[in-house]
Amino acid sequence: MSEHRETTGRCYACKRTFSFDPKEVTTLLIDPETHMPPGITVLGSLRPAKPEAVARSADEPICPDCVTKAKQYSEESGSGRSWDSWPPSSN
């Protein structure tokens, strides 16, 4: 018997409600004080993430549509950024 649990939540990016498996959904670490990922400034630049910001942050789900759009944008813009390790430890 598989343990497929589905839950409902809001996408952090588009705010749309969607159903997802908590073990499979793409998430983004969000600081509840700034409502942004630790290590990102309000201007969108990167800085070292403070340990206290990371500690108080929580994973927020991202819907598959927003993940697809982000990948498409990254490919089309040629930014070449890799988000494999998050939060950034240094600039």
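Data block above holds the structure.
Student: Residue-level account of the overall build of the protein chain, with values.
Tutor: Tallying secondary structure elements over the protein chain gives 2 helices and 4 strands in all. The secondary structure elements of the protein chain, listed N-terminal to C-terminal, are β-β-β-α-β-α. Within the span of the protein chain, comprising 91 residues, buried residues form 25% of the whole. A separation threshold of at least 6 residues defines the contact pool for the protein chain, and within that pool the share at least 24 residues apart is 57%. Total accessible area on the protein chain stands at roughly 6,900 Å², and carbon and sulfur atoms take up 52% of it.

Student: Tell me what's going on with the pattern of salt bridges, and back it up with residues and numbers.
Tutor: For the structure on display, the rule yields 3 salt bridges. Among the salt bridges present, the one from Arg56 reaches Asp31, with a minimum N-O distance of 2.8 Å. Highlighted residues: Arg56 in helix α1 (residues 51-56) and Asp31 in the loop between β3 (26-30) and α1, separated in sequence by 25 residues. Take Asp31: its relative accessible area is 3%, and that puts it in the buried class.

Student: An account of the state of the cysteines is requested, with residue identities and associated values reported.
Tutor: Enumeration according to the criterion identifies 0 disulfides in this entry. Considering cysteine sulfurs only, Cys63 is the nearest to Cys11, which forms no disulfide, with 3.7 Å between them. A residue is classified by how much of its surface remains accessible, and Cys63, at 1% relative accessible area, is buried.

Student: Quick one: what's the story with the environment of His4, residue by residue and with numbers?
Tutor: Position of His4 relative to the elements: it lies in the segment before β1 (7-10). The spatial distance from the C-alpha of His4 to the C-alpha of Lys23 is 8.9 Å, given a sequence separation of 19 residues.

About the criteria used
The numbering scheme is per chain: residues are counted from 1 as the chain's sequence reads. Where local features are concerned, this predicted model is filtered to residues with pLDDT of at least 70; where side-chain atom pairs are given and counted, the filter is 80 or more; whole-chain, interface and lining totals use all residues. Computation of side-chain values covers all heavy atoms of the structure but excludes hydrogens and water. Working definition: helices are DSSP H or I runs of at least four residues, strands are E runs of at least two. Numbering for both runs from the N terminus. Note on exposure labels: buried denotes an accessible area under 20% of the residue type's maximum, exposed denotes more than 50%, and partly exposed covers the range between, all computed with a 1.4 Å probe on protein chains only. Should any heavy atoms of two residues lie within 4.5 Å, those residues are considered in contact. Every accessible area reported is derived by Shrake-Rupley at a probe size of 1.4 Å, with residue values counting cover from the shown protein chains alone. Basic side-chain nitrogens of Lys or Arg form a salt bridge, by our definition, when they fall within 4 Å of a carboxyl oxygen of Asp or Glu. For this text, the term disulfide refers to a pair of cysteine sulfurs within 2.5 Å.

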